[in-house]
Amino acid sequence: PDGKILVGGNLINFNGQPANNIVRLNADGSIDNTFIQQGSGFNGVVRDIQLDPAGTIIVAGDFTSYNGTTRSRLARLNGDGTLNGSFIPVTINSAVTDIAIQTDGKILISGWFLRYNGVARKNIARINPDGSLDSSFDPGTGANSLINSTALQSDGKIIIGGWFTRYDGTVRNYIARVNVD
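Scoring rules and cut-offs
Residues numbered from 1 in each chain as written. Predicted model: local features only at pLDDT ≥ 70, side-chain atom pairs only at ≥ 80, totals over all residues. Heavy atoms only, no water. Helix = DSSP H or I, 4+ residues; strand = E, 2+ residues; numbered from the N terminus. Buried < 20%, exposed > 50% of the residue type's maximum accessible area, 1.4 Å probe, protein only. Polar contact = N/O pair within 3.5 Å; in protein donor to acceptor, adjacent residues only side chain to side chain. Pairing = 2+ DSSP bridges. Contact = heavy atoms within 4.5 Å. Axes fitted to C-alpha atoms, helices over the stretch in contact; angles between N-to-C directions. Phe/Tyr/Trp six-rings, centres within 6.5 Å; stacked < 30°, edge-to-face > 60°.

Student: Please clarify how the environment of S136 should be interpreted in this entry.
Tutor: Along the chain, the position of S136 falls in the loop between β14 (124-127) and β15 (147-152). Looking at S136, the relative accessible area reads 44%, which means it is partly exposed. For the pair S136 and W163, spaced 27 residues apart in sequence, the C-alpha separation works out to 25 Å. For S136, the side chain forms a polar contact with the side chain of R126, separated by 3.3 Å. In this structure the side chain of S136 is engaged in a polar contact, spanning 2.6 Å, whose partner is the side chain of D134.

Student: Before we go on, may I ask you to explain the pairing of strand β5 (residues 46-51) in this structure?
Tutor: As a general feature of sheets, a regular strand has side chains that alternate between the two faces. Where β5 lies against strand β6 (residues 57-61), five bridges are found, and the strand directions are antiparallel. When the sheet's bridge partners are listed, V46 is paired in β6 with G61.

Student: I would appreciate a short explanation of the environment of K122 in the present structure.
Tutor: Here K122 shows up in the loop between β13 (119-120) and β14. On the accessibility criterion, K122 (31% relative accessible area) is partly exposed. Along the chain, K122 and T141 lie 19 residues apart, while their C-alpha atoms are 6.4 Å from each other. Aside from chain neighbours lying at most four places away, what touches K122 is F113, L114, T141, G142, A143 and N144.

Student: Please clarify how the pairing of strand β19 (residues 175-178) should be interpreted in this entry.
Tutor: Going residue by residue along β19, you find A176 and V178 tucked away on one face and I175 and R177 left uncovered on the opposite face. Sheet topology note: the strand β16 (residues 158-162)/β19 ladder contains four bridges and is antiparallel. Within β19, the position partnered with I159 by the bridge is R177.

Student: Can you walk me through the sheet that holds β14 in this structure?
Tutor: Two modes of strand pairing occur in sheets, parallel and antiparallel, and in both the strands are linked by backbone hydrogen bonds. An order of β10-β11-β14 is seen for the three strands of this open sheet, with the pairing classed as antiparallel. Looking at the sheet topology across the chains shown, the edges are occupied by β10 (96-101) and β14. Across the sheet, the mean angle separating the axes of adjacent strands is 20 degrees when strand polarity is ignored.

Student: What exactly am I supposed to notice about the side chain of D32 here?
Tutor: As for its position among the elements, D32 is in the loop between β4 (22-25) and β5. Polar side-chain contacts of D32 include one of 3.0 Å to the side chain of K4. At 2.7 Å, the side chain of D32 forms a polar contact with the side chain of R24. In this structure D32 touches K4, R24, L25 and N26, once residues within four positions along its chain are discounted.

Student: Is there a simple way to think about the sheet that holds strand β9 (residues 74-77) in this case?
Tutor: Reading across from one edge, β5-β6-β9 is the order of the three strands in this open sheet, with antiparallel pairing throughout. Two strands in the sheet have a free side with no partner beyond their single neighbour: β5 and β9. Looking at each pair of strands side by side, their axes are set apart by 20 degrees on average, direction ignored.

Student: What should I look at first to understand the packing of aromatic side chains in this one?
Tutor: For any pair of aromatic rings, geometry is given as the distance between the ring centres together with the angle between the planes. The final tally for this structure, using the stated rule, is three aromatic pairs. Aromatic side chains F42 and F63 sit 4.3 Å apart centroid to centroid with 45 degrees between the ring planes, which places their arrangement in the tilted category. Of this pair, F42 sits in the loop between β4 and β5 while F63 sits in the loop between β6 and β7 (65-66), placing them 21 residues apart in sequence. By the burial criterion, F42 is buried, and F63 matches it. Relative to Y66, the ring of F42 has its centre 4.4 Å away and its plane inclined at 45 degrees; by these criteria the two rings are tilted. Residue F42 is found in the loop between β4 and β5, and its partner Y66 is found in strand β7; the two are separated by 24 residues along the sequence. Each member of the pair, F42 as well as Y66, carries the same accessibility label: buried. Taken together, the ring pairs in this structure connect F42, F63 and Y66 into an aromatic cluster.

Here it is in structure tokens:
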């Protein structure tokens, strides 16, 4: 909303300055030096970045830490780039490739993972704003392969796309619409 641009990826540097897989730019494309990255930044690829309703930054990817603090493939940052402590540390066994934030602040994540904090959630999960698993969203057996795109419809239903051919045991080639639950 302030015109600044968050850039993530497999970044070592940006315009000759250290980026550590994430950098924020001013509207003119120059590096925003108010976005503090003390330490090592993310230790792996950043695949998606979204702003939540509270104004914090949700980051997903292949990483397992941020500035030396364990954050398994999902992290919340404050607006200045520091780690937000209100988001409980989670364990996700593989990459999170996409994030969709609902109007109620709940977060849909998708990717190439089998578990969220030890609970079976095959390639898709919904979490509460504090990072805890939302058990009211149960994908059953989930998608049988990567989900790399998630979109929310105005009626609350969810569109997913990826390399899957089944969702919860039903044939769905590469795209599916999922109910709110």
